[in-house]
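# Structure at a glance
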Amino acid sequence: MNVELQLNAALGSTRGVSPQWSREAAQAICDLPFNDLLFQAQTIHRENFDPNRVQLSRLLSIKTGGCPEDCGYCSQSSHHQSGLKASKLMEVKRVIAEATKARDAGATRYCMGAAWRNPKERDMEAVVAMVEGVKALGMETCMTLGMLDLGQAQRLKQAGLDYYNHNIDTSERYYAEVISTRTFADRLDTLANVRDSGMKVCCGGIVGMGEEKADRIEMLVTLANLPEPPDSVPINMLIPIEGTPLGEAEPIEPIEFVRTIALARIMMPKSHVRLSAGRTAMSDEMQALCFFAGANSIFVGDTLLTAENPGEDKDSALFRRLGIKPMEREAQ
């Protein structure tokens, strides 16, 4: 399918028809002249969203470190010498207190992450209580706990969990260069369990891990061609962490990162595209280009799991300069 036909298909998806994407068509769109690519992305963005509203999420690590997975980017892996100490699962009351502060500061979605391969049965009661407590505050709820079986996904759905995050990280081709303790197929199995439970899928990846441009495109093709595209698509820019295998990775070139955001917006018109990890390394101008390219969600707060994140004062100042306002909380 040529570029014009595929763009028409993408625009058609705003009317409820999700196109199937080929790698060749996605590549052709990504390779458009930069101004043309951003124009197409902004056009599609405006078909689906208020271009001057950005959704604010807050992320809390409810269980840090000691993860048995060997993800090459992650400071929380027990395989790496990052200096991060493992913690126990946070108490439910403390999680609710932190969520309350986030809500009062303007966050509409609260995301909770645990450094697990998969949750154990002994942890599920506390996790369910966290979901119920945050949901009672009137916020959207999201969790990332590693792999889930269908029973666990259904239990979280019954507790009121709106979103489950489980990133595919990169292309299937490059995946084994980054992670060996679980397969790409394992990732897709968890996504299927989340979908089948009725929860919304939050799924994206990380760029700047030494992958090729073709891998970034293939990652987005995989996401867009899922039975239903993810409701949220976080695009992370690698934060190299000392002591991890990717601690010396060369950063992705900024224009290439913006192209990735634009392609995600074109291929998944109705998804929230989240400008996620790595914003501390981005200039205001780079973030502004990302918003123009279709990013319409960010994490707020000083930390993002274990890494630094721009503070709320800096984000508020940038929003004022750009005329951007936080997305309003949806009715529960």
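Because the structure is a prediction, the values reported are computed rather than measured. (Residues numbered from 1 in each chain as written. Predicted model: local features only at pLDDT ≥ 70, side-chain atom pairs only at ≥ 80, totals over all residues. Heavy atoms only, no water.)

### Quick look at the packing of aromatic side chains
The criterion, for reference: Between rings of Phe, Tyr and Trp, where Trp is taken as its six-membered ring, a pair exists when centres lie within 6.5 Å; planes separated by under 30 degrees are stacked, by over 60 edge-to-face, and by other angles tilted. Between buried and exposed lies partly exposed: a residue is buried under 20% and exposed over 50% of the maximum accessible area for its type, with that area taken using a 1.4 Å probe on protein chains only. By definition, any uninterrupted DSSP run of H or I lasting at least four residues is a helix, any uninterrupted run of E lasting at least two residues is a strand, and each is numbered from the N terminus.
Counted according to the given criterion, the structure contains two aromatic pairs. Here the aromatic rings of Tyr175 and Phe184 are separated by 5.6 Å at their centres, their planes lie at 80 degrees, and the arrangement is edge-to-face. What makes Tyr175 buried here is its relative accessible area of 3%. A centroid spacing of 6.1 Å and a plane angle of 80 degrees characterise the contact between Phe291 and Phe319, whose relative ring orientation is edge-to-face. In this pair, Phe291 is assigned in helix α11 (residues 284-292) and Phe319 in helix α12 (residues 312-322), connecting sequence segments 28 residues apart.

### Notes on the nonpolar core
For clarity, the threshold we go by: Only buried Ala, Val, Leu, Ile, Met, Phe, Trp, Tyr and Cys residues count toward a nonpolar core, and they belong to the same one when joined by side-chain atoms within 4.5 Å. Should any heavy atoms of two residues lie within 4.5 Å, those residues are counted as being in contact.
Membership of the largest hydrophobic core comes to 91 residues, with the highest contact counts inside it found for Ile62, Met143, Leu156 and Phe257. With eight residues, the single largest contributor to this core is helix α10 (residues 254-267). With residues up to four places along the chain from it excluded, the contact list for Leu156 reads Met124, Val127, Met143, Leu145, Leu148, Leu161, Tyr164 and Met199. The next biggest cluster of nonpolar side chains, apart from the first, holds five residues, and it includes Leu59, Cys111, Cys142 and Tyr163.

### A closer look at helix α8 (residues 184-197)
Formally: The span expected for a helix works out to 1.5 Å for each residue beyond the first.
The end-to-end C-alpha distance of α8, which contains 14 residues, comes to 21 Å, matching closely the 20 Å that a straight helix rising 1.5 Å per residue would cover. Of the residues making up α8, those classed as buried are Phe184, Arg187, Thr190, Leu191, Asn193, Val194 and Ser197. Tucked into the core, α8 has its buried residues touching α6 (150-159), β4 (163-165), α7 (172-175), β5 (200-202) and α9 (213-224). Downstream of α8 by one or two residues, Gly198 has phi in the positive range, about 100 degrees.

### Overview of the side chain of Thr260
Threshold: N or O atoms closer than or at 3.5 Å make up a polar contact, with two conditions inside protein: a donor-capable atom paired with an acceptor-capable one, and, for residues adjacent in sequence, both atoms drawn from side chains.
Its place among the elements puts Thr260 in helix α10. We classify Thr260 as buried; its relative accessible area is 5%. Here the side chain of Thr260 touches Glu256 through a polar contact of 3.0 Å, landing on its backbone oxygen. With near-sequence residues (within four places) excluded, Thr260 lies in contact with Val207, Arg216, Leu220 and Ile235.

### Some points on the confidence of the model for the protein
Definition in use: The predictor reports its confidence for every residue as pLDDT, a score running from 0 up to 100.
Overall, the predicted model of the protein reaches an average pLDDT of 88, with 86% of residues at or above 70. For the protein, per-element mean pLDDT is lowest for strand β10 (residues 303-304), which scores 48, and highest for α10, which scores 98. This model gives residues 303-307 a pLDDT under 50, and the stretch forms 18 contacts once residues within four places in sequence are excluded.

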